[in-house]
Amino acid sequence: MQVLHDMRVMTKLMLAAALMCAIVLAVGLVGLTEVSDMRDVADEMYHHELLGVAAAQEVDIGILKILTAVERAVGNRDAIAAARTALETHRRGIQESLNELEVGNGTHAVESEEKELRNEVPNFLGFAESLLTKLEKGDAEGAAADEHELIKHEENLDRLAHELSAHRIERARREDEQAGAIYAQSRQFMFLFIAAALLFGFGTAYIVSRSISNPLGRSVDVLNDVAAGDLTVSLD
């Protein structure tokens, strides 16, 4: 009877070990899912940084196209109307690109450059508008002064756009490397966690099964001896 009692105890222990193993595996699988989600978030941040780089470059291109059109009008008054059209067209494109830049989403250096870029664009556009107006009125001296200021603002905007792009690219690279390292470490830990759970489950199952099968085999041997007429044997 003691053998049967021990078998019941061992069976319960095996079921408890199996349940524990299943819980640990479930936690491990959930952890792997969370790690994958974390990597997706990091990829989205990387993509966002690259969009910021593209937006800064689009601002720079739009500014350069306006400057080219205005300078063409300086040399040829018949090109003033075309310059105004270019000014309005690229003004909208520049504003759309500026809207894609998010101030406050990064290091202080990047944030200050974005703010400075936003503040400098209206100055450039204002001088472009003023220059065309003075060309229309025949104010050559005033137009020359505005052209000088326009070129200075364009050079400053070009510098800001390039610095902003460089910082965005560097930040994207750094964040991607950090996220990749964290992802690899977390993924390795979760796999080890799952492997340890499986090893524990199989090891426990083996030990418990041996604890059940050995007494059971002993009981069968005793019953066979009794069947053969040996009444001196005992299950205990």
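Because the structure is predicted, anything quoted here is derived from the model rather than measured. For every chain, the first residue of its written sequence is number 1, and the numbers climb from 1 along that sequence. In keeping with the model being predicted, local features are shown solely for residues with a pLDDT of at least 70 and side-chain atom pairs are shown and tallied solely at 80 or more, while totals for entire chains, interfaces and linings include all residues. Side-chain measures here rest on the full set of heavy atoms in the structure, leaving out hydrogens and waters.

It is worth spelling out the overall build of the protein chain at this point. Only DSSP runs of H or I with at least four residues qualify as helices, and only runs of E with at least two residues qualify as strands; both kinds are numbered from the N terminus onward. Regarding its fold elements, the protein chain presents four helices and zero strands. For the protein chain, the α and β elements follow one another from N to C terminus as α-α-α-α. Counting over 236 residues, the protein chain shows a buried share of 30%. By sequence separation, contacts in the protein chain at least 24 residues apart represent 79% of the contacts at least 6 residues apart. We call a residue buried when its accessible area falls under 20% of the maximum for its residue type, exposed when it is over 50%, and partly exposed in between, using a 1.4 Å probe and counting protein chains only. Here, residues are in contact when the closest pair of their heavy atoms is within 4.5 Å.

Right, let's get into the environment of Glu120. Its location among the elements puts Glu120 in helix α3 (residues 108–137). Sequence spacing of Glu120 and His153 is 33 residues, and the spatial spacing of their C-alpha atoms is 7.2 Å. In protein, a polar contact requires one atom able to donate a hydrogen and another able to accept it; more generally it is a pair of N or O atoms within 3.5 Å, and residues adjacent in sequence count only if both atoms are side-chain atoms. Side chain to side chain, Glu120 and Asn156 meet in a polar contact 3.5 Å long.

Here we come to the nonpolar core. We call a set of buried residues a nonpolar core when its members are Ala, Val, Leu, Ile, Met, Phe, Trp, Tyr or Cys and they connect through side-chain atoms within 4.5 Å of each other. Grouped together as the largest cluster of nonpolar side chains are 30 residues, with contacts concentrated most on Ile66, Leu117, Phe124 and Leu132. Those elements giving two or more residues to this core turn out to be α1 (2–75), α2 (80–99), α3 and α4 (140–227). In terms of residue count, the dominant contributor to this core is α1 (nine residues). Apart from residues lying up to four places away in sequence, Leu132 is in contact with Val70, Ala73, Ile80, Ala83, Arg84 and Leu87.

To continue, consider the pattern of salt bridges. We define a salt bridge as a side-chain nitrogen of Lys or Arg found within 4 Å of a carboxyl oxygen belonging to Asp or Glu. Overall, the coordinates contain 11 salt bridges when judged by the stated rule. Ionic pairing is found between Arg173 and Glu170, a salt bridge with its closest N-O pair at 2.5 Å. In this pair, Arg173 and Glu170 both sit in helix α4, three residues apart, roughly one turn of the helix. Within the structure, one salt-bridge network assembled from shared partners comprises Arg84, Glu88, Arg91, Glu129 and Glu136.

This brings us to α2. One fewer than the residue count of a helix, multiplied by 1.5 Å, yields its expected span. Here α2 is 20 residues long and its end C-alpha atoms lie 28 Å apart, about the 28 Å a rise of 1.5 Å per residue gives. Regarding α2, the residues found buried are Ile80, Ala83, Ala86, Leu87, Ile94, Ser97 and Leu98. All buried residues of α2 lie within an arc of 110° about the axis, which places them on one face of the element. In α2, the exposed positions angled more than 90 degrees off the buried face are occupied by Ala81, Thr85, Arg92, Glu96 and Asn99. Read the arc as the range of directions from the helix axis to the C-beta atoms.

Relative to the helices and strands, His153 resides in helix α4. Contacts of His153, omitting those with residues within four sequence positions, involve Glu120, Asn123, Phe124 and Phe127.

For the rest of this paragraph, the subject is the environment of Pro122. By the secondary structure assignment, Pro122 is in helix α3. For the pair formed by Pro122 and His153, sequence separation is 31 residues and the distance between their alpha carbons is 10.0 Å.

Here we come to the side chain of Arg168. On the secondary structure map, Arg168 appears in helix α4. A polar side-chain atom of Arg168 sits 2.4 Å from a polar atom in the side chain of Glu114.

The predictor reports its confidence for every residue as pLDDT, a score running from 0 up to 100. Taken over all residues, the pLDDT of the protein chain has a mean of 77, while the share at 70 or more is 64%. Taken element by element, the protein chain is modelled with least confidence in α1, mean pLDDT 72, and with most confidence in α2, mean pLDDT 92.

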